[in-house]
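Structure at a glance
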Number of protein chains: 4
Amino acid sequence: MENINVTVWNEYRHEKSEEHIRAIYPDGIHNAIKSYLDTVPGLTVRTATLDEPENGLPQEVVDSTDVMLWWGHMAHGEVKDEVVDRVWRRVQQGMGLIVLHSGHASKIFQRITGTRSYDLKWREDGDKERLWVIDHSHPIVQGIGDYIELEHEEVYGETFEIPTPDELIFISWFEGGEVFRSGLTYKRGSGKIFYFRPGHESVPTYHNEKVLKVIENAIFWAAPTVYPKYGTGYVRPLEKVGGKEIK
Amino acid sequence: MENINVTVWNEYRHEKSEEHIRAIYPDGIHNAIKSYLDTVPGLTVRTATLDEPENGLPQEVVDSTDVMLWWGHMAHGEVKDEVVDRVWRRVQQGMGLIVLHSGHASKIFQRITGTRSYDLKWREDGDKERLWVIDHSHPIVQGIGDYIELEHEEVYGETFEIPTPDELIFISWFEGGEVFRSGLTYKRGSGKIFYFRPGHESVPTYHNEKVLKVIENAIFWAAPTVYPKYGTGYVRPLEKVGGKEIK
Amino acid sequence: MENINVTVWNEYRHEKSEEHIRAIYPDGIHNAIKSYLDTVPGLTVRTATLDEPENGLPQEVVDSTDVMLWWGHMAHGEVKDEVVDRVWRRVQQGMGLIVLHSGHASKIFQRITGTRSYDLKWREDGDKERLWVIDHSHPIVQGIGDYIELEHEEVYGETFEIPTPDELIFISWFEGGEVFRSGLTYKRGSGKIFYFRPGHESVPTYHNEKVLKVIENAIFWAAPTVYPKYGTGYVRPLEKVGGKEIK
Amino acid sequence: MENINVTVWNEYRHEKSEEHIRAIYPDGIHNAIKSYLDTVPGLTVRTATLDEPENGLPQEVVDSTDVMLWWGHMAHGEVKDEVVDRVWRRVQQGMGLIVLHSGHASKIFQRITGTRSYDLKWREDGDKERLWVIDHSHPIVQGIGDYIELEHEEVYGETFEIPTPDELIFISWFEGGEVFRSGLTYKRGSGKIFYFRPGHESVPTYHNEKVLKVIENAIFWAAPTVYPKYGTGYVRPLEKVGGKEIK
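The sections below set out a description of the structure shown in this document. (Residues numbered from 1 in each chain as written. Chains lettered and ligands numbered in written order. Predicted model: local features only at pLDDT ≥ 70, side-chain atom pairs only at ≥ 80, totals over all residues. Heavy atoms only, no water.)

Points about the sheet that holds strand S1 (residues 4–10) of chain A
Residues and elements named next belong to chain A.
- The strand order S2-S1-S3-S4-S9-S8-S7-S5-S6 describes an open sheet built from nine strands, whose pairing is mixed. Unpaired on one side and paired on the other, strand S2 (43–49) and strand S6 (147–157) mark the two borders of the sheet. Neighbour-to-neighbour, the strand axes of this sheet turn through a mean angle of 25°, independent of strand direction.
- Sheet topology note: the strand S5 (residues 121–133)/strand S7 (residues 167–174) ladder contains five bridges and is antiparallel. (Pairing = 2+ DSSP bridges. Helix = DSSP H or I, 4+ residues; strand = E, 2+ residues; numbered from the N terminus. Axes fitted to C-alpha atoms, helices over the stretch in contact; angles between N-to-C directions.)

Quick look at helix H5 (residues 81–93) of chain A
Residues and elements named next belong to chain A.
- For H5, built from 13 residues, the straight-helix expectation of 18 Å at 1.5 Å per residue is met to within 8% by its first-to-last C-alpha distance of 18 Å.
- Where H5 is concerned, the buried positions are Val83, Val84, Arg86, Val87, Trp88, Arg90, Val91, Gln92 and Gln93.
- Where H5 terminates, the next one or two residues include glycine 94, which has phi positive at roughly 130°. (Expected span 1.5 Å × (residues − 1). Buried < 20%, exposed > 50% of the residue type's maximum accessible area, 1.4 Å probe, protein only.)

A word on the interface of chain D and chain C
- The interface of chain D with chain C comprises 22 residues on the first partner and 22 residues on the second.
- A combined buried area of about 1,700 Å² lies between chain D and chain C, and 63% of that area is made up of carbon and sulfur atoms.
- It is Trp132, Trp173 and Val179 of chain D that lose the most area in chain D upon contact with chain C, and together they represent 30% of the buried surface on that side.
- For the interface between chain D and chain C, the tally reads two salt bridges.
- Across the pair lysine 121 of chain D and aspartate 146 of chain C runs a salt bridge whose closest N-O atoms are separated by 3.2 Å.
- Counting across the interface, chain D meets chain C through twelve residue pairs in polar contact (both at pLDDT 80 or more).
- Mapped by element, the contributors of at least two residues to the side of chain D that touches chain C are strand S5 (121–133), strand S7 (167–174) and strand S8 (179–188) of chain D.
- It is S7 of chain D that provides the largest number of residues to the side of chain D that touches chain C, a total of five residues.
- Looking at the side of chain D that touches chain C residue by residue, the class counts come to eight nonpolar, six polar and eight charged. (Contact = heavy atoms within 4.5 Å. Buried area = accessible area lost by both parts, 1.4 Å probe. Salt bridge = Lys/Arg side-chain N within 4 Å of Asp/Glu carboxyl O. Polar contact = N/O pair within 3.5 Å; in protein donor to acceptor, adjacent residues only side chain to side chain. Nonpolar A, V, L, I, M, F, W, Y, C, P; charged D, E, K, R; others polar.)

Given below as structure tokens:
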């Protein structure tokens, strides 16, 4: 049985330019996530970053990806439009997409949501964040318990300008008084999308084991598999989704 | 143009049995709400309570109600099943229903949701509550601004066992660390339902002008009107919804 | 790895009282479905019928069922209320429920939907039915192609009085001019529900291999499993859903 | 009380280049619709077409439009991207958008849906179409009855690659065997969107009174009004939606 091919895309700028961020993620956020995912059976993990040729996402990389993770913040505008088109098209065909933290303002997430998804409240005061589980039976939260608590995080506050999500998985509470829809899902074409809020570059969120567990669960949830026969999941060839020829 | 006929139903037990609650609502929660609604043009308001004959809701009262408000807490089990059937059937025909606070555990709300909607976390420590507006363009929140703040309220915490709402209007933040989906809508048959969380009997929530404004807005939203022609709304005869005979 | 425990519940009246129906389902609709499911690896299948003690669904049977199928038509009212409560409660805890054809008017489906779900148009003229797939990437339709065609079926027509489904899987076209939402999903508590329209007692629908395949797929979709780790699904003990104690 | 400002946008090519189409819509589809809407109290109606400067939609026109109708077919690619951005941004601020027939494949509708919304089955055999009402209590279908029947229309068939709509209003039945989700709503930002399928250029659909009534109803539904106080609706200044400053 083949593995799920995961590509972790990261803007990878903060970690190179800022000492205190490099201290947390010496090899970049993408490698912090990859090093965890490498320990999970069933996954084959690559990374890609903004400053590589074609933003690290040439056609053959996108076409061989089952689930893509996306972290961006300061340079959304530098992602090439043809790369966004390529990723978006692959999502329609069934690739899973997991958008992390400030990736909410990326070109690809706006393309998915059809809204000004960058529009929300925010402040950087190192508040405590508590992410409450809204649906305990959802595959993405298995093993998480009632909530995830992060000692310090950037604050995002409602209103977050997005369409009503298909499923609301987490709502965040922040020490200073805000709330935020922190885990939500959409479906576009044959692709499943999960947005997961935490992960500011200046805090060690991607070293938190519950956060990493959610990302792991989300990859299995978003993978373009036929719903596994009891114990026998397999990747669906994307050329054919169900009975439908992909154009 | 006829008025919207509103019936405010209240269990009306706490206010009779507990001094400190009677101090806040001397004539009962129902009359506190009614006295505000009586000042709103376009509404004709009645009240009904548990200990009246047929729980205050004989057939002719239900059949002449356009929007019903429901507050209950300690005596959900005493509401007669035939009364619940009567209210439920009227909702299917197009009556609006606004369920307040602990009404989440009422027979009628469980009948609407199809879940164990009583199942949530709660504590009474007088926390501050902040209800954040999730959809600023929704009719129910017009005039409210970014949030409603209540100095002291009972705490409800997720997970609230309900179906995914059609619309999520408010999310509450509580001082002690919980969050809650505090304003949400459903549609059942031709009837629109709004659940609104705040309103514990021991705090003066129904004297808060923003809370009362939300209730007022929700009544106009839930009323079984044909969507008003620009400036010419009217109550739809419930015997006929659109082209469909009501059985 | 344990099997999924399936209980196929059938009213089992038509087959006993009407010759031409017995000719199609000599051992009842339940056994026609069971005989197919017995060939599917990973399933342990039982049947239960209305005229057995406790309608065939004593507590221990319900408590050991992962996915229940429900076919009823002429005797919905004879299902005991405590049995309906038992099944409903198990759904909240995570049991999958697959409601077939005229089961739309059953007590359990009304309890799930909160509507007059019996309310729809119908006629018995043996029209051709074509069930179009609305979401080709959904697990329930894998292997089905663009549509299922049934030479003769009872006609159901909109408007079907149900809440907006979470997912719309099939829409039926009928020769005589009607359409119907024929495959739809809901979630209630931790339980997944699938309604599947075809299956009138007077036609051999449950001998159609695509119809049986949909039922098979729906069982794996609705089973209370943690989303299978890539190739390693397992049944979740219902006592504990995610981090949440079931009350 | 101000009127709702409606702008009817039409590609306006078929009517100029094809005799048999000009015979049906001598002044273009936009003017056929406008001439009906001009008879409706409360509306101020303009038209705009592709070949006018800035595709007929300069900033001041878009900024003074409350509800826009969109009909396009053969020249979607000729609509300028900055015009699409302008319309999309206005939708986020609260402008209603009604997308007609082959407008499903327009840049603006793809931007709204986030999918390959051009992807569906189609054929031109002049089939009879019957559009069934799915929600009789929805404002958009008031006065329509159970269905709209069109003697001849172009056929669209599922699967239509769109996100699950917020509301499903019509499902079409076609003589030749297809079905289609023909009336559906979305919300993006503060804007309400309605897609309405019928309206091929070669048939007199926009002379059908029920079709025109649906368009009229949809305009009142989509208008960026505060939900009308009982009989006193008014247009909301788009600079301020609820308590939220529009950026």
